[in-house]
Amino acid sequence: MVGNEWDDILYWEDYEPFSRFCRELDCRYDIRDPIEYEKRRKERDAFYRRTIPTTAEFVRRFHRYALHGKPHWVDGHHKLINELAEEDLRRCYHYASDQNGAERVSAAEKARCGWASQHLTHYADKVCTPTGSGTHKIMEMTVGAGVGTNAVVRSMADDAVYIGVDIDFICAKNADAIGRYYGKRALGICASLWHLPFEDNLFDAVCSHFGLDECREIDTILDEATRVLKPGGKLVLVSRHNAWLRRHRIFETYGIGESQALDLMRQVRLYADFEQLNTLAAERGLVTADYIPFEKWYVAEYRKA
Ligand SMILES: C[S@@+](CC[C@H](N)C(=O)[O-])C[C@H]1O[C@@H](n2cnc3c(N)ncnc32)[C@H](O)[C@@H]1O
């Protein structure tokens, strides 16, 4: 992975030179070494300054994305399904088949029993508690490394069904590995949250653990999440209070303060904060059922009327 959603926006008009530069950095520096990581970061910041020399140009690029940026995935970011090589397949099936998910679960369990223990208890309880009769159907957006997935799949009833969605095939397959480990009905599929491949009113619970604040076009994602949720079903989200906490450095590089940065993020349909999420949820007929704040993040539960 070379970039992130911000780089997609900033280099929307010409992504290839940026992508090439990041690949060069990846070859030159080992980011597991903190000193090399810092050197890489400085070089990357210098690239921003060279190619986006002024604050006006930085803001212009954001505004251009707001006008023209439609949900799409920029090359060089994550591996798309048609770019997978044999080695990628071997790696993800190795987690699921050869190891029965043990390595995935062991990494996710460290988080569940450590830094994420408090909020993951609430997340899993909310997602796994059935809202009606019949098979409890769960859809998790943004499987990623599988920290949220592990918490949900281990807690869900044996007859519940879990589908995890990620645009990155290898991440999606983490859900298969975790399902296999616990002997539960869990499957990951590679799809975009902008166009979910499910019929309307299908799931009892739709959820995401630190996902929405890493995706673009949260308006579209909430449209889709609401569409596939059954009436009376719940949407459970864990997110950071505020995107500024995560991204302040790049804005500070351009002398942009917190409130202006959050405004820019709202304009380009990136997650800004809980207030924005709440407004978007209410516009889609989702009713706030619970909100549990932690120091840097929160668990929110909405119900579809
Ligand atoms: C930070 S990770 C999520 C963390 C994960 N839930 C966990 O608990 O370990 C964010 C994930 O969102 C996925 N993603 C970002 N935008 C997406 C989109 N539009 N559709 C589907 N997946 C997306 C990325 O591929 C990445 O794997």
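Residues numbered from 1 in each chain as written. Predicted model: local features only at pLDDT ≥ 70, side-chain atom pairs only at ≥ 80, totals over all residues. Heavy atoms only, no water.

Things to note about the sheet that holds strand 6 (residues 286–293)
- Read across the sheet, seven strands follow the order 3-2-1-4-5-7-6 without closing on themselves; strand pairing throughout is mixed. Only two strands of the sheet have a single partner each, and these edge strands are strand 3 (185–190) and strand 6. Neighbouring strand axes in the sheet, compared pairwise and without regard to direction, differ in orientation by 20 degrees on average.
- Sheet analysis places strand 1 (residues 137–141) next to strand 2 (residues 161–166), joined by five bridges and oriented parallel. Looking at strand 2, one finds that K137 is bridged to V161.
- Here helix 9 (residues 169–182) sits on the sheet in contact with strand 2 and strand 3, set at roughly 175 degrees to strand 3.
- Sitting on the sheet, helix 10 (residues 218–228) is in contact with strand 1, strand 4 (203–209), strand 5 (229–240), strand 6 and strand 7 (297–304), with an inclination near 145 degrees to strand 5. (Pairing = 2+ DSSP bridges. Helix = DSSP H or I, 4+ residues; strand = E, 2+ residues; numbered from the N terminus. Axes fitted to C-alpha atoms, helices over the stretch in contact; angles between N-to-C directions. Contact = heavy atoms within 4.5 Å.)

A few points about unusual backbone geometry
- One non-glycine residue, T142, lies in the positive phi region at around 65 degrees.
- Its location among the elements puts T142 in the loop between strand 1 and helix 8 (147–155).
- According to the relative accessible area criterion, T142 is buried, its value standing at 15%.
- Non-glycine residue N201 carries a positive phi angle of around 55 degrees. (Buried < 20%, exposed > 50% of the residue type's maximum accessible area, 1.4 Å probe, protein only.)

Looking at the nonpolar core
- Core analysis: the largest hydrophobic core is formed by 60 residues, its most contacted members being F58, F62, M139, M141, L235 and F251.
- Both domains that meet at this core, namely domain 1 (5–68) and domain 2 (81–240 + 273–304), each give it at least three residues.
- If you look at the next biggest cluster of nonpolar residues, it comprises 29 residues, including C128, V143, Y162 and F210. (Core = buried A, V, L, I, M, F, W, Y, C linked by side-chain atoms within 4.5 Å. Domains from an automatic or database assignment.)

So, the domain arrangement of the protein
- Once the domains are mapped, the protein shows domain 1 (5–68) and domain 2 (81–240 + 273–304).
- Look at where the C-alpha atoms of domain 1 and domain 2 centre, and you get two points 29 Å apart.
- Contact with domain 1, which involves five residues of that partner, is made by four residues of domain 2.
- Of all residues in domain 1, E5, D8 and Y65 bury the most surface against domain 2, accounting for 90% of the area lost on that side.
- Between domain 1 and domain 2 we count zero salt bridges in total. (Buried area = accessible area lost by both parts, 1.4 Å probe. Salt bridge = Lys/Arg side-chain N within 4 Å of Asp/Glu carboxyl O.)

As for the site of the ligand
- Around the ligand, a shell composed of 21 residues is seen, among which T142, V147, G148, D166 and H209 lie nearest.
- Alone, the ligand offers 600 Å² of accessible surface; in the complex the protein occludes 90% of this.
- Among the residues making up the shell around the ligand, the classes are represented as eleven nonpolar, seven polar and three charged. (Near = heavy atom within 4 Å. Areas by Shrake-Rupley, 256 points an atom, 1.4 Å probe, with all protein chains shown as cover. Nonpolar A, V, L, I, M, F, W, Y, C, P; charged D, E, K, R; others polar.)

Notes on the side chain of R40
- Topologically, R40 is positioned in helix 3 (residues 34–51).
- R40 has contacts with C22, L25, D26, Y29 and I31, leaving out every residue within four places of it along the chain.

Brief notes about the pattern of salt bridges
- Summed over all chains, the structure comprises 32 salt bridges.
- With a shortest N-O distance of 3.0 Å, D30 and R32 are connected by a salt bridge.
- Here the residues in one salt-bridge network are E13, E57, R60, R61 and R64, joined through shared partners.

With respect to helix 5 (residues 86–98)
- Those residues of helix 5 that fall on the buried side of the exposure criterion are D88, C92, Y95 and A96.
- Residues of helix 5 that are buried sit in contact with helix 6 (102–113) and helix 9.
- Backbone geometry just downstream of helix 5 places N100 in the positive-phi region, at approximately 50 degrees.

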